[in-house]
Amino acid sequence: MRFSPSLPLSRCIRSLGLALATALLSILLGFKGWNIGLNSPAIVSLSPAIAQPNDQPIPYLDPNNTQQQLQQGRDLYQEQQFAQAVDLWTRAEQTFASQGNVLTQATTLSNLALAYRQQGNLSEAKTAINKSLSLLGNPETLTDSGLRIYAQALNTQGSLQLMQGQTQTALATWEKATDSYRQANYPEGIVKSLINQTHALRNLGFFRQSNERLLQIQTLLEGNAQDPLSIKLHRSLGDTYRLLGELEQSKAALTKSASLAQSLQMPAEAAATLLSLGNTQQVEAKRLKTFAERTGKDNDYGRAIEQYERAYQTYAGIDSQSEATPLKLKVQARLNQLDILSHQPSLGNFQSIYTSLQTRVETLPPGRASLFAHIKLADLLSQSLQSQTSQSQSPPSTEAEWASDRTQQTYRLLSAAKAQAQTLSDPIAESYALGYLGRLYESEGSHDEAQKLTAAALQLTQQPSVAYQWQWQLGKIEQQKGHQRLALEYYDAAFRNAQLVRNDLLYIGADIRFDFRDRIDNLYREYIGLLLPSEKTAIIGNPKQVARRAQTVIDSLRVAELESFLACGLLEANNDVKLASIQEVAKTDQKTAIIYPIILKDRLEVLFQKPDKTIERYPSWSIPTGVVSSTNKQQRSIENSLEDKLERFRQELERPYFSDQRGQPLAEEFYERLIQPAEDWLKSSDIETLVFVLDGAFRNVPMAALYDRQTNQFLIEKYAIAVTFGDLKIPEAPPQKSFQLLAAGLSKNPQPKPSEAEPTPVDIFGPLFEVINETQAIASNIRQNKVLLNHNFTKERIATNMRSSDYNIVHFATHGEFGFTRNDTYLLAADSPDPARPIEGDKISLNDLDTLLKNRNATPIELLVLSACETATGDDREVLGIAGLAIQSGAKSTLATLWSIHDASTAVLMEDFYNQLITPGISKAKALQAAQITLLKRGYKPSRWAPYLLLGDWR
């Protein structure tokens, strides 16, 4: 955001593995609460493995079929007794084959594939579904019933393809399934296959196309508003929106489902929908709490607590439903209440709810639902014990008496789950039970027993999404036992498996994806810590190869985090454009070095890559880390920790009185850590540009403002600077110097829309008087241009111009924010082209940007400039919003700012930047460097010239 001097400054691709199946239980059963183990650094997530919501066993459509074992197999599947279902369906399939009953045989094989997949037996699942499709033959010869079976088999085949990383193939298969369902006039199947397509499209990075499928689903459902089936389909749509992080749309769909269930007097369906609604409310509460922990504001904490209470009461309403409500739903609701109490203990009595749950969990029918209810309850019990232990005050005597038996109850629950899993021949559930038992023993210091149990859990499944958790846990155990080499082997295996399933974070729930760094982030950092041990410990292996491996890990973390923020995969550039890594590009120009600061638990590591791709490691910097609780229990960084210093550095840079007393000492300290160890080599090698792959809180501060006390120079005076994210690839060929510009801006003060429930206060914005001068100056440099100001700056006119011309620079001079989530990241445009109306701010979201800038010809965007936007709270996550805009727009490079910038000085900088940009031989980074130095030499403080950030291709 820019401010006027007259106004006060105011404030998706790779193999998905089993986790896709495990996480989507929350859609099928409407139960988010079985994502257990979320607070454990050793185990990322746990959900009972279950089919996709759209992959239920097919009802037998042959009217002459009277064999009860077929329905019995379907009942066993619904109870999640998969081994038993496999046994029955295998015998049934052989019977139908001998009878020549092709249609029913194909149905049985399709169902059999589902059960095999639940067991993690992908080879048998693939064989069964291929045989089913082969028996069905040409779909053009099938009746409507046959087409339904054929389409369901395609749905199953698509999910198997997705699990093997064949996302594009899976999408094509699901599109065929949709066509078959349409031919069979089966709306339920159409909706289910479209939902499958939304997930594949997100994984491929096609966010807009995914949303188009969701809109098709909404249109279909509106045409069947009073059909009882619409209850389930609206619920399924609401659950899908929740998984994609679209919480408002989720609540809207679930509200429709609940209203219809009540009007049709279907209490069991109403309870299931309320469970889903509570899940969405709980996800929103966790998001609000995470946001509050980063802002530290009491009103943000209050909003989070209010949302937790809403979810808690929604779950409580399910438990009070009629006898028609299935026990399974009541157990799920109660477990979710316990989950909430682990975050907000003041909302209820943990012991009371736990006691009421014990008997109910024991009376659940045997099956995976029962197994994971045992494991979830044990995990919550363990968490409550750990939480009490961490508190300094002594608990009341009654609480102490109950706590004394909690550990034994935890062991009993997990042991019962293990025994039941063995009885049901469910290796995945048994693996989780053993793994969590291993974690319990580890927490008590019984490392040998923990190692045995965790190794046994690993032997039961090699599915990457399960295996990496136990490999990670074994690595921690071996490290605690002092077996560094063995620990490193386990961490390496865990990392490789996590890479295969990292995009599962798009599917395992918005809360897990939102808190991505607090979960799988730990694995990456712990692994780097082992690869690069403190200086007192020798590196295991070749130091240069180890440094290269550490670089690979941190690069992967950066990209995975960006995918998490965007809630979709990263769509690569046009296939006709040859891409290269930043390391390869830097090697080509020979004047660029890359610096990787890596924040570990106890120290800062810095990797430095030379143009020949050699990687050097700086001496480690030991730092105090951790958090302390303030009086209001908000989490604060401890004084003088790295995060605390970076936060103070950012604050000092924003102020206009930066000096050798304020701000400069920290600027000098970070210069010494990030630049000085390589200073001599940089000078001797004539390096001109530094590219930073920034980590964590380093993203909050501009590297341009680091200060060399020896030469009394800021870093920007010595080097051009750019920032990038990990192994994102950029075009191999350097950019062309032939530019066409589309500039758009708001100089007038945008008003809040009266229709907004919470309108943005007018004084947050204000007029940008210099925007007109800025755009005129830019246009004078870029002769081929189009300028849209004020009322002419609308979404529609941006889209029209992007479609009709070959613009390769897009410049927005308007208010905007890079927020905490993709939904909080936006630019402001005018809502109407009518000059007689006052301008009301119309937000251009990431979704809009995807539509506006990609709905165009093949000319790539060389540069996207956001000259009046800012990060909303200064949290390092929000810088992902800048990268998100770059990815969503398809821009090779993006220029944006980290905080509010002065209107007049921005106009000066932008004019100079474009004047430099068109000069032959001047890169984007050098053009920005020259423009920043111009302001610096005119006496401006860093608050005016430092916040500009060039992300992406620096050439």
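Up top is the structure.
What this report covers is the structure whose coordinates are included nearby. (Residues numbered from 1 in each chain as written. Predicted model: local features only at pLDDT ≥ 70, side-chain atom pairs only at ≥ 80, totals over all residues. Heavy atoms only, no water.)

### Side note on the sheet that holds strand β19 (residues 841–845)
Part 1 of the reasoning: Pairing in this open sheet of four strands is mixed, and the strands run β19-β18-β17-β21 from one edge to the other. Looking at strand neighbours, the two that pair on one side only are β19 and β21 (869–871), the edges of this open sheet. On average, each strand axis in the sheet is tilted by 30 degrees relative to the strand beside it, whichever way the strands run.
Part 2 of the reasoning: As paired elements, strand β18 (residues 826–830) and β19 share five bridges and run antiparallel to each other. Across the sheet, A829 pairs through a bridge with D842, a residue of β19. (Pairing = 2+ DSSP bridges. Helix = DSSP H or I, 4+ residues; strand = E, 2+ residues; numbered from the N terminus. Axes fitted to C-alpha atoms, helices over the stretch in contact; angles between N-to-C directions.)

### Examining the pairing of strand β20 (residues 863–866)
Looking along a regular strand, one sees the side chains alternate between the two faces of the sheet.
Part 1 of the reasoning: Residue alternation in β20 divides its side chains into two sets, L863 and V865 and L864 and L866, and both sets are buried.
Part 2 of the reasoning: Where strand β16 (residues 809–813) lies against β20, four bridges are found, and the strand directions are parallel. Within β20, the residue paired with F812 across the bridge is L866.
Part 3 of the reasoning: With three bridges joining them, β20 and strand β22 (residues 893–897) adopt parallel strand pairing. For L863, the partnering residue across the bridge sits in β22 and is S893. (Buried < 20%, exposed > 50% of the residue type's maximum accessible area, 1.4 Å probe, protein only.)

### Things to note about the environment of V577
Part 1 of the reasoning: Following the sequence through the fold, V577 ends up in the loop between α26 (543–566) and β2 (579–580).
Part 2 of the reasoning: Overall, the relative accessible area of 29% leaves V577 in the partly exposed class.
Part 3 of the reasoning: Put simply, V577 and I730 are 153 residues apart on the chain and 9.3 Å apart in space, counted from C-alpha to C-alpha.

### Quick word on the pairing of strand β9 (residues 689–692)
Part 1 of the reasoning: Of the two faces of β9, the one holding T689 and V691 and the one holding L690 and F692 are both buried throughout.
Part 2 of the reasoning: In terms of strand pairing, strand β3 (residues 592–599) meets β9 through four bridges, oriented parallel. Across the sheet, residue A593 finds its bridge partner in β9, namely L690.
Part 3 of the reasoning: In this structure, β9 lies alongside strand β12 (residues 720–723), joined through four bridges in parallel fashion. Bridge pairing in β12 links V691 to A722.

### So, the packing of helix α5 (residues 102–118) against helix α6 (residues 122–136)
Part 1 of the reasoning: Interaxial distance between α5 and α6 falls to 8 Å at its minimum, and their mutual angle equals 160 degrees. The orientation of α5 with respect to α6, classified from their angle, is roughly antiparallel. In this structure, the crossing between α5 and α6 has a hand that is left-handed. In this structure, α5 contributes V102, L103, Q105, A106, L109, S110, A113, Y116 and R117 to the contact, and α6 contributes L122, E124, A125, A128, I129, K131, S132, L135 and L136. (Parallel < 35°, antiparallel > 145°, perpendicular 65-115°, else oblique. Left-handed = near helix turned anticlockwise from the far one by under 90°. Contact = heavy atoms within 4.5 Å.)

### A look at helix α29 (residues 664–674)
Part 1 of the reasoning: With respect to burial, α29 is a largely interior element, eight of its 11 residues being buried.
Part 2 of the reasoning: Among all positions in α29, only Q664, L666, A667, E668, E669, F670, Y671 and L674 are buried.
Part 3 of the reasoning: Of the surrounding elements, those touching the buried residues of α29 are β3, β4 (603–609), β6 (621–622), α28 (642–654), α30 (679–684) and β10 (707–708).

By themselves these figures say nothing about function.
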